[in-house]
Amino acid sequence: MVKQAISKLTAYTPELTLAELKQQRGLDKLVRLSANENAFGTSPKVGEALRAWNFTDANRYPDSNVNGLRQLIAARLNIDPATLVFGDGLDEIIQLLSRTLLAPDDEVVLTRPTFSEYALHAAIEGAKLVDVPATDAGETDLDALAAAVTDKTQMIWLCNPNNPTSTYTMRDAIEAFLAKVPERVTVVVDEAYIDFVTAEANPSALALMSKFSNLVVLRTFSKAYGLANFRVGYAVVAPALASTLQTVRLPYNLSSFAEIAAEAAYKDQGFVDQVVQTIAAEREKWTAFLTEQDVTFYEPQANFIFMRIEGAADLAEKLLQNGYLVRTGLGDEWLRISIGKPEDNQAVQQIVSEFLQK
Ligand SMILES: *Cc1c(COP(=O)(O)O)cnc(C)c1O
């Protein structure tokens, strides 16, 4: 029999492939702005590195320690290589942390709305979710999160910038929050979108690792590095937890292909910087547009914007008919739209403004 905690769950609804959706809707052109992918692709160095791979190694297991990528990242972030744990995307790291830390009836504290995977894996482990609404500005309410901690709290999730709100919490505020949380509670800061932050110069919670042994910081290659298809994410954790996570994780969770791609992407920081700059400039155009149109939105710091528009489902349908897929269903009358190429952002804004004039 399926365990009780799982029997009530429904499966994650993945995106249709672009080809499937195009065919289903009879569209010539379709731009996906629903999954916060990198609209600018990935570094051309990735293709070069993959083409140079020796396919005669295909019968060999990959490097379980992901040592090449591990050394690269540790050197750039100036951290001990042993504090890195790699996953088949951050999705696997979220599962791994939940599986390792949570037992039935433990409590998991998080903000609402946030990334749905945290709640899913808490539920699979039979843990109890304690969700705290975001503020009226869509920001994570750190005081309320701290107040929600009880003797049963095992983990706190902080997604920063948060998905789907795109709002950002300053590093000082996170530091003050960590100082209030008991050391036995693991605080996970998911920095999937940290590269896109312009609100402060050094936004990452990594700088707090030396002060707080219960802090875990997550990063992924799926967003700014444009490698969603290759599934590479990692956690930076205190050494004791790192070795426990190594025990629990699958031994060969990253293929050599994934490692080679991530290494090449990581070395080409110029590509990422260019993407981040373009996204930041486009984000400003978006917020200027929404302000002018008097649309409610949260102050964005990631590569997507969360906005409230009456008739959101109808607007999403209209956008789809015009070849633009956006995300609905994350809040009543709210849309989450990824920031794409300049010409696509402009086209989407044009359709939104026509919709609002009706
Ligand atoms: C996209 C996303 C992830 C998942 O990243 P993968 O590395 O592709 O699994 C994790 N956290 C948040 C908040 C995300 O939006």
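Residues numbered from 1 in each chain as written. Predicted model: local features only at pLDDT ≥ 70, side-chain atom pairs only at ≥ 80, totals over all residues. Heavy atoms only, no water.

Peer 1: Just checking my understanding: could you explain the UniProt feature "modified residue: N6-(pyridoxal phosphate)lysine" (unreviewed entry) in the chain for this structure?
Peer 2: Mapped onto this numbering, the UniProt entry gives "modified residue: N6-(pyridoxal phosphate)lysine" (unreviewed entry) at Lys223. Turning to its location among the elements, lysine 223 is positioned in the loop between β7 (215–220) and β8 (232–236). If sequence neighbours within four positions are ignored, lysine 223 has contacts with Ala35, Asn36, Asn38, Ala192, Tyr193 and Phe196. (UniProt positions renumbered as here; feature names shortened; annotations may be inferred. Helix = DSSP H or I, 4+ residues; strand = E, 2+ residues; numbered from the N terminus. Contact = heavy atoms within 4.5 Å.)

Peer 1: Please explain the domain arrangement of the chain as it appears in this structure.
Peer 2: Often, the extent of an interface is quoted as the loss of accessible area on bringing the components together. What the domain assignment reports for the chain is domain 1 (4–42 + 270–356) and domain 2 (45–268). Domain 1 and domain 2 are separated by 24 Å when their C-alpha centres are compared. Contacts between the two partners involve 27 residues from domain 1, matched on the other side by 32 residues from domain 2. Interface area for domain 1 against domain 2, summed over the two sides, is near 2,300 Å², with a carbon-plus-sulfur share of 61%. The interface formed by domain 1 and domain 2 holds 14 residue pairs in polar contact (both at pLDDT 80 or more) in total. Every element with two or more residues in the side of domain 1 that touches domain 2 is listed here: α1 (4–7), α11 (269–292) and β10 (304–308). Element by element, the count of residues in the side of domain 1 that touches domain 2 is highest for α11, at eight residues. Of the residues in the side of domain 1 that touches domain 2, the class split is 17 nonpolar, seven polar and three charged. (Domains from an automatic or database assignment. Buried area = accessible area lost by both parts, 1.4 Å probe. Polar contact = N/O pair within 3.5 Å; in protein donor to acceptor, adjacent residues only side chain to side chain. Nonpolar A, V, L, I, M, F, W, Y, C, P; charged D, E, K, R; others polar.)

Peer 1: For this particular structure, what's the right way to read helix α13 (residues 342–357)?
Peer 2: Residues lying three or four places apart along an α-helix face the same way, a consequence of the helix completing one turn every 3.6 residues. Under the 1.5 Å per step criterion, the end-to-end length of α13 is 23 Å for 16 residues, consistent within 8% with the ideal 22 Å. Turning to α13, its buried residues number three or more, namely Asp344, Asn345, Val348, Gln349, Ile351, Val352, Ser353 and Phe355. Check the buried side of α13 and you find it contacts β1 (31–32), α11, α12 (312–321), β11 (324–325) and β12 (334–338). (Expected span 1.5 Å × (residues − 1). Buried < 20%, exposed > 50% of the residue type's maximum accessible area, 1.4 Å probe, protein only.)

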